[in-house]
Amino acid sequence: SPQGTRDQRPAHMALRERLFATVVACFKRHGAAAMDTPALELRETLMGKYGDSAKLIYELQDQGGELLALRYDLTVPFARYLAMNKITTMKRYHIAKVYRRDSPATSRGRYREFYQCDFDIAGHFDPMIPDAECLKIVHEILSELKLGDFLIKVNDRRILHGVFAICGIPESKFVSTCSSVDKLDKMPWEDVRSEMVGEKGLSPEAADRIGEYVRLHGGLDLIEQLLQDPKLSQNKLAKEGLGDMKLLFEYLTLFGITGKICFDLSLARGLDYYTGVIFEAVLVQQNDHVEESVGSVAGGGRYDGLVGMFDPKGRKVPCVGVSIGIERIFSIMERRVKASGEKVRATETQVLVATPQKHLLGARLKLISELWDAGIKAEILYKKDPKLLKQLQYCEDTGIPLVAIIGEQELVDGVVKLRVVTTREEV
């Protein structure tokens, strides 16, 4: 639809529930507590945090003296919540809708109203341990969902800023240059360079110097190489970032996941609030023996300055977090289910309580009540005297595996006939 709302068919929703359950189970496994924030925020809370994307914020007219807006993501409201409640340590997950005044592209999982699934760690901790856990979570979720091959790109805003500084970019143009560099996964270098020079006002020489760095990607070997770079090693921010990146890769090696991690200097992530490590997961497919990205499915990073923006005394709470691109993942899952012909069950019902004769609704209600009280997922048809064939057909249509049949003879004998729907075996 023009608003980008979701299809609500039962099987569709069941598939979504399966996806959410996998993500939530992972978050809980890592000790995160669930939390929520309001969908509405003060306009001033959201403005100035999202760079070029601020134009996508849904703003509301004056509400009795207050200028409000719908939340754009779950990170800024979380930072505001920490500051307001003077919370300095927290590990949380948050699954809720966010809103963007964007052009929907439903085939690519892009909507105006959609769910985000966030995991964040707030607090003063030793470097890179929480960051490594966030990357481990992304790896766990994408591995469990079996979406195909994936790659998690990592970089550090401090390294990028160091690169910009040694390439002669004025600090006032760091953010706009970041947003250009971030397009390298979608555009060839020549187009990105043209944007830097033509739209962002960089000199051709500066753009070429940036190009020498931002097209590099690798692992620990590249980090070691850049630590020896005569210019970059003299930049304080870049040196800090590279030191932490080396530490991060050591922890990721201990987690056993470096095979899916790539240090990529072109990764910039367009949001203003990132201060350190940034990362993005993409699905990759083989085309003529060449790896090709099919889109980002998770992203995040470190945002140590965001909480301090909302604290009256400017007290900082370091934070790192990841957002799982649940809508994009769901679009991929749905396409694959459709292509495979798999039938997705709309409910988890285990048994249908059925009767073969008339005037036995009372017996059905008594039996289903016992099943519900025992924690068994059960249903009946909402008719006084449904035909047995119709009840069995309902089971076949909805995938219910068992039928508990209670007729006049069963009542006399004090038994229940249990029928396996697929094999028609009865006990």
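The name that an unreviewed UniProt entry assigns to the protein is histidine--tRNA ligase, with the source organism given as Nothocercus julius. Checking UniProt for the protein, the heading Catalytic activity (unreviewed entry) contains the comment "tRNA(His) + L-histidine + ATP = L-histidyl-tRNA(His) + AMP + diphosphate + H(+)". The Sequence similarities (unreviewed entry) comment attached to the protein in UniProt states, word for word, "Belongs to the class-II aminoacyl-tRNA synthetase family."

With that out of the way, let us pick up the nonpolar core. Phe27, Phe164, Ile210, Phe263, Phe279, Ile324 and Ile329 are the most contacted members of the largest nonpolar core, which totals 76 residues. Aside from chain neighbours lying at most four places away, what touches phenylalanine 27 is Ala32, Tyr93, Cys117, Asp118, Phe119, Ile137, Ile141 and Ile324. Counting residues in each nonpolar core, the second largest holds 27 residues, with Tyr72, Phe78, Leu267 and Val317 among its members.

Once that is clear, we can look at the pairing of strand β4 (residues 90-99). Judged by how many residues are buried, β4 sits mostly within the fold: 7 of 10 residues are covered. Alignment of strand β1 (residues 33-34) against β4, held across 2 bridges, turns out to be parallel. Looking across to β4, one finds that alanine 34 is bridged to tyrosine 93. Of the strand pairs in this sheet, β4 and strand β5 (residues 113-122) are connected by 10 bridges, and their pairing is antiparallel. Opposite lysine 91, over in β5, you have isoleucine 121 as the bridge partner.

Right, let's get into the sheet that holds strand β12 (residues 351-354). Pairing is mixed in the open sheet, where 4 strands are placed in the order β13-β12-β14-β15. Of all the strands in the sheet, just β13 (378-379) and β15 (417-420) have a single pairing partner and so form its edges. Strand direction decides the pairing type here: β12 and β13, joined by 2 bridges, are parallel. In the strand pairing of β13, leucine 352 is matched with glutamate 379. Where helix α13 (residues 361-373) meets the sheet, it contacts β12, β13 and β14 (402-405), and its direction lies at approximately 155° from that of β12. Taken strand by strand, helix α14 (residues 388-398) contacts β12, β13, β14 and β15, and its axis lies near 175° from that of β12.

What counts and how
Residues numbered from 1 in each chain as written. Predicted model: local features only at pLDDT ≥ 70, side-chain atom pairs only at ≥ 80, totals over all residues. Heavy atoms only, no water. UniProt positions renumbered as here; feature names shortened; annotations may be inferred. Core = buried A, V, L, I, M, F, W, Y, C linked by side-chain atoms within 4.5 Å. Buried < 20%, exposed > 50% of the residue type's maximum accessible area, 1.4 Å probe, protein only. Contact = heavy atoms within 4.5 Å. Helix = DSSP H or I, 4+ residues; strand = E, 2+ residues; numbered from the N terminus. Pairing = 2+ DSSP bridges. Axes fitted to C-alpha atoms, helices over the stretch in contact; angles between N-to-C directions.

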